[in-house]
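Here is what each chain is made of, one letter per residue.
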Amino acid sequence: MYNDKKIIINIGRQLGSGGREIGKKLSEIYKAGYYDKELITLAAKSSGLCEDFFKKADEKASQGLSAMFSMRVPFITEGSIAGVNYLSNDSLFKIQSDVIRDLAAQGSCVFVGRCSDYILREDPACVNVFICAPKKFRANRIAEMYNCNLDKAEDMIERTDKKRAEFYNYYSYKTWGRASTYHLCIDSSVFGIEGTCDFIKDFIDRKMAK
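Just so it is clear, the structure is predicted and the values come from calculations on it, not from any experiment. (Residues numbered from 1 in each chain as written. Predicted model: local features only at pLDDT ≥ 70, side-chain atom pairs only at ≥ 80, totals over all residues. Heavy atoms only, no water.)

**Let's talk about the pattern of salt bridges**
Here is step 1: As enumerated under the stated definition, the model contains 17 salt bridges in all.
Here is step 2: A salt bridge links Asp36 to Arg114, with the shortest nitrogen-to-oxygen separation between them at 2.3 Å. Of this pair, Asp36 sits in the loop between strand S2 (33–35) and helix H2 (38–47) while Arg114 is found in the loop between strand S5 (109–112) and helix H5 (116–119), placing the two residues 78 residues apart along the sequence. As far as burial versus exposure is concerned, Asp36 and Arg114 are alike and both buried.
Here is step 3: The shortest N-O distance in the salt bridge between Asp98 and Arg101 comes to 3.1 Å. (Salt bridge = Lys/Arg side-chain N within 4 Å of Asp/Glu carboxyl O. Helix = DSSP H or I, 4+ residues; strand = E, 2+ residues; numbered from the N terminus. Buried < 20%, exposed > 50% of the residue type's maximum accessible area, 1.4 Å probe, protein only.)

**Some details on unusual backbone geometry**
Here is step 1: Of note in this structure, Glu59 is not a glycine but carries a positive phi near 50 degrees.
Here is step 2: With respect to the helices and strands, the residue Glu59 is situated in the loop between helix H3 (51–57) and strand S3 (70–75).
Here is step 3: Positive phi is not limited to glycine here, since Asn147 has a value of about 55 degrees.
Here is step 4: In this structure, Asn147 sits in the loop between helix H6 (135–146) and helix H7 (150–172).

**Side note on the nonpolar core**
Here is step 1: Within the largest apolar cluster, 32 residues are counted, with the highest numbers of intra-cluster contacts made by Ile8, Phe54, Phe111 and Leu120.
Here is step 2: Elements supplying a minimum of two residues to this core: H2, H3, helix H4 (89–106), S5, strand S6 (126–132) and H7.
Here is step 3: The leading source of residues in this core is H4, at seven residues.
Here is step 4: In contact with Phe111, other than residues within four places in its own chain, are Ile8, Ile9, Asn10, Ile11, Tyr35, Leu39, Ile100, Leu103, Ala104, Ser116 and Leu120.
Here is step 5: Membership of the second largest hydrophobic core comes to 20 residues, among which are Ile9, Tyr34, Cys197 and Met208. (Core = buried A, V, L, I, M, F, W, Y, C linked by side-chain atoms within 4.5 Å. Contact = heavy atoms within 4.5 Å.)

**So, the packing of aromatic side chains**
Here is step 1: The full count for this structure, using the stated rule, is ten aromatic pairs.
Here is step 2: Ring centres of Phe130 and Trp176 lie 5.1 Å apart, and the angle between their planes is 90 degrees; this geometry places the pair in the edge-to-face category. Linking Phe130 in strand S6 with Trp176 in the loop between H7 and strand S7 (184–187), this pair joins segments that are 46 residues apart in sequence.
Here is step 3: Residue classification places Trp176 among the buried residues on the basis of a relative accessible area of 15%.
Here is step 4: In this structure an aromatic cluster arises from ring pairing among Phe93, Phe167, Tyr170 and Tyr171.
Here is step 5: The ring of Tyr118 carries the charged tip of Arg121 above its face, separated from the ring centre by 4.0 Å. (Phe/Tyr/Trp six-rings, centres within 6.5 Å; stacked < 30°, edge-to-face > 60°. Lys NZ or Arg CZ within 6 Å of the ring centre and 35° of its normal.)

**What to know about a nonpolar patch on the surface**
Here is step 1: Side chains of Val190, Phe191 and Phe199 sit close together on the surface and give an oily, nonpolar patch of about 300 Å² of accessible area.
Here is step 2: Turning to its location among the elements, Phe191 is positioned in helix H8 (residues 188–208). (Patch = residues over 30% accessible without salt bridge, like charges linked within 9 Å, V, L, I, M, F, W, Y side chains within 5 Å. Areas by Shrake-Rupley, 256 points an atom, 1.4 Å probe, with all protein chains shown as cover.)

**Considering the environment of Phe199**
Here is step 1: As for its placement among the helices and strands, Phe199 is situated in helix H8.
Here is step 2: Exposure remark for Phe199: the relative accessible area of 38% places this residue in the partly exposed category.
Here is step 3: Put simply, Phe199 and Ile186 are 13 residues apart on the chain and 9.0 Å apart in space, counted from C-alpha to C-alpha.
Here is step 4: Excluding anything up to four places from it in sequence, Phe199 contacts Leu184, Ile186 and Phe191.

Written out as structure tokens, the structure is:
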């Protein structure tokens, strides 16, 4: 229905809520580019920096929530040997933000995390969704996914959600997971992954039809 109309779907998610799977399904439905950890590779290629440094900084605010933190980053440019420079997590975030803006300018996209909703806040084609679920539901999914016990799964959830919240709150000046931050917040345990995807699709279609 919207093949000729750009749609940007930005997905925030709690660990284990199914945000990645739902994002992939939506990208297939709307024939849109899908970008989650793919953004790390694209940002590295765009900047000429080592991909490992983007991985280490992925969805992490500057250490101590301070822009003064910096890390040693090797630049590898064509026709020269590797040198050493210093880049803060904030600088790496800016590089990745530019990649997100460039991709969104080219056509329909689904972005998972990375503050994409805030980065693209001026784009009227955006639909911003937050996917959550009760901890028990998420822990069961994580335990099955990573073949671990529930205690380890719950620990992964607490650490990852804390990291994502600090990253989002620091760079967006908004609150991760708060309903007022998004167009739609939905509990994926109510309808399951497939049903949640269908619900979000209906919401997107109705919003974009305005």
